[in-house]
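One-letter residues, chain by chain:
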Amino acid sequence: MSTQPQRLTRDRLVRWLPFLDWPRPDRALLLNEASAGITVALMVIPQGVAYAALAGMPLITGVYAALFPALIAVMFSSSARLSVGPTALTSLLVGASLAPLAIPGSREWVALAVWLTLLSGLMQLVLGIGRFGWLLRLVNSPVLMGFTQGAAVLITLSQLPALLGFTGRTYTQLLQGPPPDLIAIAFGLGGIAMLWAGKRFLPRVPTTMVLVAVSAALSAAIGYALRGGAVIGALPSGLPSFYWPGSIAPSELGTLLLPAFLITLVSFLETASSAKVDNARSGKLWNENQDLIGQGLGKLASGLTGSFPTSSSFSRSAITLYAGAKTQWATLFSVAVVAGALLWAMPLLFHVPQAVLASVVVTATLGLMKPKAFVALWRISRIEAAIAVATFVLTIATAPSIYWGVLGGLLAALAHYMYRHLHPRIIEVGLHGDGSLRDRHLWRLPPLASDLYALRMDAELDFASASTLERAITAALAERPGLTDVFLFAHPINRVDITGAEAFGNIRRLLASQGVRLHIAGLKLPAQQVLERAGLLAPSPLLFTYRTDAEALAALGVDSFSPLNPEPARAGS
């Protein structure tokens, strides 16, 4: 008697506290998870430092972003093997959003970045708790592709000065001052070559950390810092402490809302790309709302430790899978390694050249550049390819306010979506030789009857499509004065709203005024119930309904059987 209530109570707790449902580890599992977690940690530490530079933040905050945010996110997310921490896109968005407001690295910049992190985290938390994750699916694949590739170009360009030995100088200052640092160029290009080779030939090896260790040793051996070379320098040791950014003016808060929403959106899409792979391999359905909660709490943890927005890294999550991680325990080992590095290993990063950090960022973003994707999309849909290209161009053209690229692409995609729904496909049908109903004009089929107008609308009967259906029937009546019957094959109509019901009533009254009979076949129950409640399916000598297309065709005296297919005909394309 008491077992069932206890189970229900535990299920409710697990729903909000997923870490209660973690598998109990044994020695073999812990050894496996430790190996995977350490591999990811050795990758995230140098990446965190590099992405902090991209965000304009103190370099140590990039390591902070891989500590408590990763721990909190894995405890409250539904996806077991996501690597949460700093990512290139979110770091770029921080730098681009704050560029007009403060000086990178300043106290004001850090405070604004933390507010941006807290706002984004709260947005994700509210969306997850309210089960509104579906709202973020409004951004379709072409918009995301265009924005991602545009951002990748901007990230790569932003790293070229450091990569080619012009650290601290803008593009307009390249021809002024001392010549480029050839040693930095060697470190930068050598780093890219090493990372590329490691990804291609040794994907499970933490090549990034190996690169950092080797470059630090070489830099120290040749006295690169003493020669004036740009290196990471001294990083503070110790775990992060609580940080509060202080008060913020309402005008500044309003300025941060749009960038915070975009960071929320991009973070969700980054998480989705990793979570779908993780859950598919585990044979589970993705709980997007729970992952929103976990990611939101992770961002709040990041902000309250003085860092910048975090997200799920697709590349590090892939490394987690490749390294053989099976559960959330791998992330705990990764967090433990990051904590140990913060306590004891930060001095080892002193001599790492900044050109090496630039090579880490560039290598990560080069993988996002896929020009062939535009060509492939053009072959499939030219309109969506145009939206992707427009998003790409707008993202680059509006830099540093690159969020206008996503917003512009989103508006274009929604406009295209509304245009298609405002112009539904309405066809006059004829009986094809295979027994199916198809577009009469496309397939050059004879009409079902000389005094009959038979049509099908491949859309819902709602505010967007209702007037188009009404116009099509009105036009048919005007063009064919001898019509006695109008036949609506309604199987594709899944839903009818108030506007659709009003249009249906107008059609009935129009046909009745001219003595034309209306036949309806295959009306689905949800649509039928709406029309019945509106009193629009009341029995009438001028109204006929049929359950199936075959029944309707039989009533018309049309043979719905094909010699090649003896089954009753169904509505075709």
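Just so we're clear, the structure is a prediction, and the values are computed from it rather than from any experiment. (Residues numbered from 1 in each chain as written. Predicted model: local features only at pLDDT ≥ 70, side-chain atom pairs only at ≥ 80, totals over all residues. Heavy atoms only, no water.)

Visitor: Report on the packing of aromatic side chains, specifying residues and quantitative values.
Guide: Counted according to the given criterion, the structure contains eight aromatic pairs. Plain terms: the ring middles of Phe 374 and Phe 392 are 5.7 Å apart, the flat faces sit at 70° to each other, and that makes the pair edge-to-face. Linking Phe 374 in helix H15 (residues 371-380) with Phe 392 in helix H16 (residues 382-397), this pair joins segments that are 18 residues apart in sequence. A ring pair is formed by Phe 487 and Phe 489, whose centres lie 4.8 Å apart and whose planes are at 15°; its orientation type is stacked. On the basis of relative accessible area, Phe 487 is assigned to the buried category, the value being 0%. Each member of the aromatic cluster is reached from another via a ring pair, and the members are Phe 487, Phe 489 and Tyr 546. The aromatic ring of Trp 443 is capped on one face by Arg 438, whose charged end is 4.8 Å from the ring centroid. (Phe/Tyr/Trp six-rings, centres within 6.5 Å; stacked < 30°, edge-to-face > 60°. Helix = DSSP H or I, 4+ residues; strand = E, 2+ residues; numbered from the N terminus. Buried < 20%, exposed > 50% of the residue type's maximum accessible area, 1.4 Å probe, protein only. Lys NZ or Arg CZ within 6 Å of the ring centre and 35° of its normal.)

Visitor: Tell me about the side chain of Thr 87, and name the residues and values.
Guide: Considering the arrangement of structural elements, one finds Thr 87 in the loop between strand E1 (84-85) and helix H5 (88-98). Among the polar contacts listed, one links the side chain of Thr 87 to the side chain of Thr 90, at a separation of 2.6 Å. A polar contact is formed between the side chain of Thr 87 and the side chain of Glu 270, at a distance of 3.3 Å. If sequence neighbours within four positions are ignored, Thr 87 has contacts with Tyr 51, Glu 270, Ser 311, Ser 312, Ser 313 and Arg 316. (Polar contact = N/O pair within 3.5 Å; in protein donor to acceptor, adjacent residues only side chain to side chain. Contact = heavy atoms within 4.5 Å.)

Visitor: Go over the packing of helix H19 (residues 466-479) against helix H20 (residues 498-513), please, and point to the residues and values.
Guide: Contact pair H19 / H20: the axes reach a minimum separation of 9 Å and the direction vectors enclose 10°. With respect to their mutual orientation, H19 and H20 come out roughly parallel. For the pair H19 and H20, the crossing hand works out as right-handed. Residues Ala 466, Leu 469, Glu 470, Ile 473, Thr 474 and Leu 477 of H19 touch H20, and the partners they reach there are Thr 499, Gly 500, Ala 503, Asn 506, Ile 507, Leu 510 and Leu 511. Tallied by class, the residues present in the contact of H19 with H20 amount to eight nonpolar, four polar and one charged. (Axes fitted to C-alpha atoms, helices over the stretch in contact; angles between N-to-C directions. Parallel < 35°, antiparallel > 145°, perpendicular 65-115°, else oblique. Left-handed = near helix turned anticlockwise from the far one by under 90°. Nonpolar A, V, L, I, M, F, W, Y, C, P; charged D, E, K, R; others polar.)

Visitor: Please provide a residue-by-residue account of empty space enclosed by the protein, values included.
Guide: To locate leftover empty space, one rolls a probe as large as a water molecule over the atoms. For the structure on display, the rule yields three cavities of 30 Å³ or more. In this model, the largest cavity occupies a volume close to 110 Å³. As for the largest cavity, its lining consists of 14 residues, of which Val 40, Leu 82, Ser 83, Thr 331 and Ser 334 are closest to the centre. The dominant element in the lining of the largest cavity, judged by the number of residues it contributes, is helix H2 (residues 27-55), at four residues. (1 Å grid on protein atoms, 1.4 Å probe; cavity = no way out; pocket = protein on both sides within 12 Å on 5 of 7 lines; lining within 4 Å. Points joined across faces, edges and corners; volume = space filled by probe spheres on them.)

Visitor: Lay out H5 in plain terms, naming residues and giving numbers.
Guide: Of all the eleven residues making up H5, eleven are buried; the element is thus mostly covered by neighbouring parts of the structure. Ala 88, Leu 89, Thr 90, Ser 91, Leu 92, Leu 93, Val 94, Gly 95, Ala 96, Ser 97 and Leu 98 are the residues of H5 that are buried.

Visitor: Lay out a nonpolar patch on the surface with the relevant residues and their values.
Guide: Among the surface-exposed residues, Trp 196, Phe 201, Leu 202, Val 205, Val 210, Val 214 and Leu 218 lie close enough to one another that they form a single nonpolar patch of about 660 Å² accessible area. Elements that contribute at least two residues to the nonpolar patch include exactly helix H8 (182-201) and helix H9 (207-221). A total of three residues in the nonpolar patch trace back to one element, the largest contributor, which is H9. Mapped onto the fold, Leu 202 is located in the loop between H8 and H9. (Patch = residues over 30% accessible without salt bridge, like charges linked within 9 Å, V, L, I, M, F, W, Y side chains within 5 Å. Areas by Shrake-Rupley, 256 points an atom, 1.4 Å probe, with all protein chains shown as cover. Salt bridge = Lys/Arg side-chain N within 4 Å of Asp/Glu carboxyl O.)

Visitor: Give me the environment of Thr 61: which residues, what numbers.
Guide: Tracing the backbone shows Thr 61 in helix H3 (residues 60-64). Along the backbone, Thr 61 and Val 49 are twelve residues apart, and their C-alpha atoms lie at a distance of 7.5 Å. Once you skip the residues sitting within four places of it in the chain, Thr 61 turns out to touch Ala 52, Gly 306, Ser 307 and Phe 308.

Visitor: Outline the sheet that holds strand E5 (residues 452-457), supporting the account with residue identities and numerical values.
Guide: Pairing within the open sheet is mixed, and its six strands lie in the order E4-E3-E5-E6-E7-E8. Of all strands in the sheet, those bounded by a partner on one side alone are strand E4 (437-439) and strand E8 (543-546). Averaged over all neighbouring strand pairs, the angle between strand axes comes to 30°, with direction disregarded. The pairing of strand E3 (residues 426-431) with E4 spans three bridges and is classified as antiparallel. (Pairing = 2+ DSSP bridges.)

Visitor: Would you mind going over the environment of Glu 460 in detail, with residue names and values included?
Guide: Its place among the elements puts Glu 460 in the loop between E5 and H19. Residue classification places Glu 460 among the partly exposed residues on the basis of a relative accessible area of 30%. Separated by 67 residues in sequence, Glu 460 and Ala 527 have C-alpha atoms that sit 9.1 Å apart. Not counting residues within four places of it along the chain, the set of residues in contact with Glu 460 comprises Ser 465 and Arg 495.

Just geometry here; none of it tells us what the structure is for.
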